[in-house]
Amino acid sequence: MPAAANDLDHRPAPPRLLVPVLVFLGVVTAAGGSLGAPLLPTVAAVEHVSLAASQWALTVSLLVGAIAAPVAGRLGDGRLRRPVVLASLATALAGCVLSALPTGFVGLLIGRMLQGAGGGLVPLAIATARDELPAERGRPAIALLGVTTAIGIGAGYPVVGAITQQFGMAAAFWAGAAVTALALLAAARVLPEGPEREARGLDWPGATLLAAGVAAVLLALSQGQSWGWVSIRTLAAIALAAAMLAGWVARELNTRRPLVDVRLLRHRAVLAANVSVLLVGVGIYPLLSLVVRLVQTPTSAGYGFGESPLVAGSLLVPFSFASFAANKAAGALLRRRGPDAVVVAGCVLLAAAMAQFRLGRGTLWGLGIAMALAGFGVGWVFAANPLQLVRGVPPHETGSATGFYQVVRSTGFALGSALSATVLTSATPRGHSIPASSGYDTAAVFGICALIVATAVSAAFL
């Protein structure tokens, strides 16, 4: 059997608490990275910025996470895994503390960028599970780690909403700091040393090109409405993004020690996982911030609910529970049909979730149904994607492949976040701060289209 298809490597007698700690790291990472989403209206009010500007409190964390994932994945593929995990958690902790301090909007954005360093933890957790656990424990653990993003978001949003409502925005970030500190202590105590593999170094020029390319894409999306979509600045940002990303691919193909071995995309399973997660990220991630904004929109706008951050965050609880339930339910389907079929089924559910938002957002229970459908769909897709990757790469490339997957996933999330903000900004009448209801219709249609394409593309890999 070729190395790419080998069973999960393992070491005897892994620590009993290893899997719970790895899952906790994934949940904390997801909750911390998305901490800005339920706070967007509060950030706009406290920092005296527009809702469009407040969206950057979410987008910058996703951007840094997209870069941190392959860097951490490459550095942590061997004996440096443990110190890389601890350094990532320490950086995220510092970001939570900075965001909690009264340093203004710029300080908040810097803090959110530091929190994005946690974006590299899930690839390292998956690589650890593959290296340390026997196959019968490793596969379920890897599938569960794949959905920790959804579980962390759904669990974190209502807690953040409750804390913000009672104690203010800074208290939410202090709470994030406390949980991240707990994760750091747990990892320091339980996480084993990484395997003894040859140190391959880090492709810093490649990381720089990737960061510049992704940042230019997000800049064009977020500023295109105000600059004009055919203005010199927008077109220049698009051209810069294309040049940087093309340069990154060329660099990775021609260096002996690439940040990400893009040749892995020649594996059908690896390509399937990355294409599907990019489209899913663009299509479904905006739903989270759209729901949070809609629920908190004053009723005077003619379509909002005027509810508190606590109520808005609570609507994402069905998302978290459904994601966890989907992971449990996916086991039998994964064994019978394989991960590719599970991804297709998940994409269908996600398209249905966005359609439910488009048609049923007039009531809170209608929004709850949309979030439950989204959670179940995300649970299936994110449980199956890592198994596609593990099936397609050798053990020593697990961290790199999952790191690249995290880049694609975070980029999809960031693109969806920036795109939804652009759509709502374009739907905001001049002189007003609240978008028209038609902006939510347009955002939903964009999401449905992306998810229909995701379904079709994923089906092509069956």
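Residues numbered from 1 in each chain as written. Predicted model: local features only at pLDDT ≥ 70, side-chain atom pairs only at ≥ 80, totals over all residues. Heavy atoms only, no water.

## Overview of the overall build of the protein chain
The secondary structure content of the protein chain amounts to 19 helices and zero strands. For the protein chain, the C-alpha radius of gyration of 21 Å lies close to 23 Å, the compact-globule estimate for 462 residues. Counting only C-alpha atoms, the protein chain reaches 65 × 45 × 45 Å along its principal axes. Per-residue burial for the protein chain yields a buried fraction of 60% across its 462 residues. Counting every atom, the protein chain has about 17,300 Å² of accessible surface; 69% of that belongs to carbon and sulfur. Of the side chains in the protein chain, 30 bear a positive and 17 a negative charge, and the two mean positions are spaced by 4 Å. (Helix = DSSP H or I, 4+ residues; strand = E, 2+ residues; numbered from the N terminus. Rg over C-alpha atoms; globule rule 2.2 N^0.38 Å. Buried < 20%, exposed > 50% of the residue type's maximum accessible area, 1.4 Å probe, protein only. Areas by Shrake-Rupley, 256 points an atom, 1.4 Å probe, with all protein chains shown as cover. Lys, Arg positive; Asp, Glu negative; His and termini not counted. Charge placed at Lys NZ, Arg CZ, Asp CG, Glu CD.)

## Digging into helix α7 (residues 121-132)
Under the 1.5 Å per step criterion, the end-to-end length of α7 is 16 Å for 12 residues, consistent within 8% with the ideal 16 Å. The buried count for α7 comes to 12 of 12 residues, which makes it a mostly enclosed element. What α7 keeps buried is the set Leu121, Val122, Pro123, Leu124, Ala125, Ile126, Ala127, Thr128, Ala129, Arg130, Asp131 and Glu132. (Expected span 1.5 Å × (residues − 1).)

## Looking at helix α4 (residues 56-75)
Taking 1.5 Å as the rise per residue, α4 with 20 residues should run 28 Å; its terminal C-alpha atoms sit 28 Å apart, in good agreement. Along its length, α4 reaches its greatest deviation from straightness, about 25°, at Ala68, and the proline Pro70 lies no more than four positions downstream. The buried count for α4 comes to 18 of 20 residues, which makes it a mostly enclosed element. (Bend = angle between axes of the 7 residues up to and from the residue.)

## Considerations on the packing of α4 against helix α6 (residues 104-115)
Packing of α4 against α6 brings their axes to within 7 Å, and their N-to-C directions diverge by 35°. In the crossing of α4 with α6, the sense of the turn from one axis to the other is right-handed. Contact residues: α4 offers Trp56, Ala57, Leu58, Val60, Ser61 and Val64, while α6 offers Leu109, Arg112, Met113 and Gln115. A per-class count over the contact of α4 with α6 returns seven nonpolar, two polar and one charged. (Axes fitted to C-alpha atoms, helices over the stretch in contact; angles between N-to-C directions. Left-handed = near helix turned anticlockwise from the far one by under 90°. Contact = heavy atoms within 4.5 Å. Nonpolar A, V, L, I, M, F, W, Y, C, P; charged D, E, K, R; others polar.)

## Looking at the packing of aromatic side chains
The tally for this structure, following the rule as stated, stands at four aromatic pairs. Ring centres of Phe382 and Phe413 lie 6.3 Å apart, and the angle between their planes is 45°; on these two criteria the pair is classed as tilted. Here Phe382, found in helix α17 (residues 364-392), pairs with Phe413, found in helix α18 (residues 398-426); they are 31 residues apart in sequence, far enough to count as distant. In this structure, Phe382 and Phe413 share a single accessibility class: buried. Here a set of aromatic residues connected by ring pairs shows up, and it is made of Tyr285, Phe382 and Phe413. The side chain of Arg361 reaches across the aromatic face of Phe357, ending 5.9 Å from its centre. (Phe/Tyr/Trp six-rings, centres within 6.5 Å; stacked < 30°, edge-to-face > 60°. Lys NZ or Arg CZ within 6 Å of the ring centre and 35° of its normal.)

Functional significance is not addressed by these values, which are geometric in nature.
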